[in-house]
Amino acid sequence: MGHPVVPSNLEEELDIVIPTIRNLDFLEQWRPFFQRYHLIVIQDGDPKRTVKLPQGFDYELYTRLDIEKILGDKAWCISFKDSACRCFGYMVSKKRYIYTIDDDCFVAKDPSGESINALQQHIRNLLTPSTPRFFNTLYDPFAEGADFVRGYPFSWRQGAPTAVSHGLWLNIPDYDAPTQMVKPHERNTRYVDAVMTIPKGTLFPMCGMNLAFDRELIGPAMYFGLMGDGQPLGRYDDMWAGWCSKVICDHLGLGVKTGKPYIWHSKASNPFVNLKKEFHGIFWQEDIIPFFEDVQLPASATSVAECYRHLAKEVREKLQKLDGYFLKLADAMEAWIDAWEQLNPAEAPAALSESKAPPAQHALANGKA
Ligand SMILES: O=c1ccn([C@@H]2O[C@H](COP(=O)(O)OP(=O)(O)O[C@H]3O[C@@H](CO)[C@H](O)[C@H]3O)[C@@H](O)[C@H]2O)c(=O)[nH]1
Ligand SMILES: [Mn+2]
């Protein structure tokens, strides 16, 4: 299968969102790959701090004061003092694609020693279909030198539109605090040359460190939750967005891929601080995962916003038994989607009519998915 042509005007189609409590010197190393794109920087913590960017980058920068000015009475749904604040950048972007990266992630090298253009690989992942309904054992059938293997149904080879591309990390792996405490010196040195679709009906731990998605297909579901300052939970921001968006992707016939590209994650955050942030989540997720596995989105929900509002109701009803936090989180999910639609009126969904729905959604409309 030929590689899709990466659109030459991609810079008009993609924003790079970076949350930061540090500085952005890391951009110097990414300059060859990032300079042509517009950056959306979410400056977390003290709004009076000055965040400097290397010369020559085109960017917009938002502090907590900007978020409060823009969102008004809905600003409370955007986390403060947590990387979850990055999702504000998804909301204010006007582009088709989003790439989000942490400020301690650098350009990795592949086994041949070549620098990895993570952005290019993510776009290839997003521009080629996914195979959520039937696993291709040779992994990505659209990769150079690969294809669908014998026994793969020909009528299913068009695949599904890809909504999310989840990249990985060399050096410091994205481990939870307990694992990091037990294995403080473990480094990920394994470069696996593969991209694969996460099967329909299977959840996964989405990491926000090196993540791209199609904002038009799944943007409204990419809310990174209520974390950080004043909240009983942290470091489950990307996880929450991953579980919500995967359930919605499965329902709407969209695909999620994981694997290449790799970035080089340079800093291990403090496992003791992380344990305090993650503590409740380690217990709650034993109930949260079955909740997402069991949730049934109605066939009448044919837009992301409709699915998301249904999810918020389910969270309120079924997770409040875990902790009152989930009542607040459900309210925050609704504030998020309201704010998203206010800031993006053109995208505010009338339910996708059959005629406009891509094939996979056709299947949903006809009850085949
Ligand atoms: O209060 C904060 C803390 C951090 N940031 C910015 O967010 C990213 C990630 O921060 P950091 O690299 O310190 O955290 P990690 O533990 O390595 O990140 C992983 O944890 C996930 C949980 O959120 C995160 O997505 C993973 O990548 C950096 O850019 C910090 O500057 C912040 O804005 N506010
Ligand atoms: Mn980090």
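Heads up: the structure comes first, above all this text.
For clarity, every value in this text was computed on a predicted model and none was experimentally measured.

S.K.: Tell me about the packing of aromatic side chains, and please be specific about residues and values.
M.R.: Under the counting rule described, the total for this entry stands at 23 aromatic pairs. Here Trp240 and Phe326 contribute two aromatic rings whose centre-to-centre distance is 6.4 Å and whose plane-to-plane angle is 40°, an arrangement assigned as tilted. Of the two residues, Trp240 sits in helix α7 (residues 237-252) while Phe326 sits in helix α10 (residues 325-343), which places them 86 residues apart along the sequence. Exposure class is identical for Trp240 and Phe326. Each is buried. Between Phe279 and Phe283, the ring centres sit 5.2 Å apart and the planes meet at 65°, which makes this aromatic pair edge-to-face. With Phe279 and Phe283 both in helix α8 (residues 271-294), this residue pair falls four residues apart, about one helical turn. By relative accessible area, which is 42% here, Phe279 ends up partly exposed. Ring pairing ties together the aromatic residues Tyr236, Trp240, Trp243, Trp284, Phe291, Phe292, Tyr325 and Phe326, which thus form one cluster. The ring centre of Trp156 lies 4.3 Å from the NZ or CZ of Arg133, which sits over that ring. The cationic tip of Arg157 hangs over the ring face of Phe154; the distance from NZ or CZ to the ring centre is 3.5 Å.

S.K.: Explain the pairing of strand β9 (residues 255-265) to me, and be specific about the residues and the numbers.
M.R.: The two faces of a sheet get side chains in turn, since along a regular strand they alternate between them. Across the eleven residues of β9, ten count as buried, placing the element largely inside the fold. One ladder, built from three bridges, connects strand β5 (residues 105-107) with β9; its direction is antiparallel. Bridged to Cys105 within β9 is His265. Relative to β9, strand β6 (residues 162-171) is paired through nine bridges, and the arrangement is parallel. Across the sheet, Trp169 pairs through a bridge with Ile263, a residue of β9. Looking at chain direction, strand β7 (residues 195-197) and β9 are connected through three bridges and run antiparallel. Bridging across to β9, Met196 finds its partner in Thr258.

S.K.: Can you break down the environment of Tyr62 residue by residue, with the values?
M.R.: Inspection of the secondary structure assignment puts Tyr62 in strand β3 (residues 58-62). Here the alpha-carbon distance between Tyr62 and Asp338, two residues 276 residues apart in the chain, equals 20 Å. When residues no more than four places from it in sequence are discounted, the contact partners of Tyr62 are Ile40, Val41, Ile42, Gln43, Ile70, Phe88 and Val92. Of the polar contacts made by the side chain of Tyr62, one reaches the side chain of Glu60; its length is 2.3 Å.

S.K.: Break down the site of ligand 1 for me, with residues and values.
M.R.: Neighbouring ligand 1 are 19 residues; Arg22, Ser83, Asp102, Asp103 and Arg235 lie closest to it. Note that an oxygen atom of ligand 1 is positioned 3.1 Å from one of the backbone N or O atoms of Ile21. Asp102 is positioned such that a nitrogen or oxygen atom in its side chain is 2.3 Å from an oxygen atom of ligand 1. With the chains in place, 91% of the 660 Å² that ligand 1 exposes on its own is no longer accessible. Of all the secondary-structure elements, those providing two or more residues to the shell around ligand 1 are β1 (14-20) and α7. Per-class residue counts for the shell around ligand 1 are four nonpolar, four polar and eleven charged.

S.K.: How would you summarise the pattern of salt bridges if you had to cite specific residues and measurements?
M.R.: Enumeration over the complete set of coordinates arrives at 19 salt bridges. A salt bridge links Arg22 to Asp103; the nearest nitrogen and oxygen atoms lie 2.4 Å apart. On the criterion of sequence distance, the pair formed by Arg22 in the loop between β1 and α1 (27-34) and Asp103 in the loop between β4 (97-101) and β5 is long-range, its members being 81 residues apart. Judged by its relative accessible area of 32%, Arg22 falls in the partly exposed class. A salt bridge links Lys318 to Glu314; the nearest nitrogen and oxygen atoms lie 2.7 Å apart. Note that Lys318 and Glu314 are positioned in helix α9 (residues 304-319) at a spacing of four residues, about one turn of the helix.

Criteria and thresholds
- Residues numbered from 1 in each chain as written.
- Chains lettered and ligands numbered in written order.
- Predicted model: local features only at pLDDT ≥ 70, side-chain atom pairs only at ≥ 80, totals over all residues.
- Heavy atoms only, no water.
- Phe/Tyr/Trp six-rings, centres within 6.5 Å; stacked < 30°, edge-to-face > 60°.
- Helix = DSSP H or I, 4+ residues; strand = E, 2+ residues; numbered from the N terminus.
- Buried < 20%, exposed > 50% of the residue type's maximum accessible area, 1.4 Å probe, protein only.
- Lys NZ or Arg CZ within 6 Å of the ring centre and 35° of its normal.
- Pairing = 2+ DSSP bridges.
- Contact = heavy atoms within 4.5 Å.
- Polar contact = N/O pair within 3.5 Å; in protein donor to acceptor, adjacent residues only side chain to side chain.
- Near = heavy atom within 4 Å.
- Areas by Shrake-Rupley, 256 points an atom, 1.4 Å probe, with all protein chains shown as cover.
- Nonpolar A, V, L, I, M, F, W, Y, C, P; charged D, E, K, R; others polar.
- Salt bridge = Lys/Arg side-chain N within 4 Å of Asp/Glu carboxyl O.

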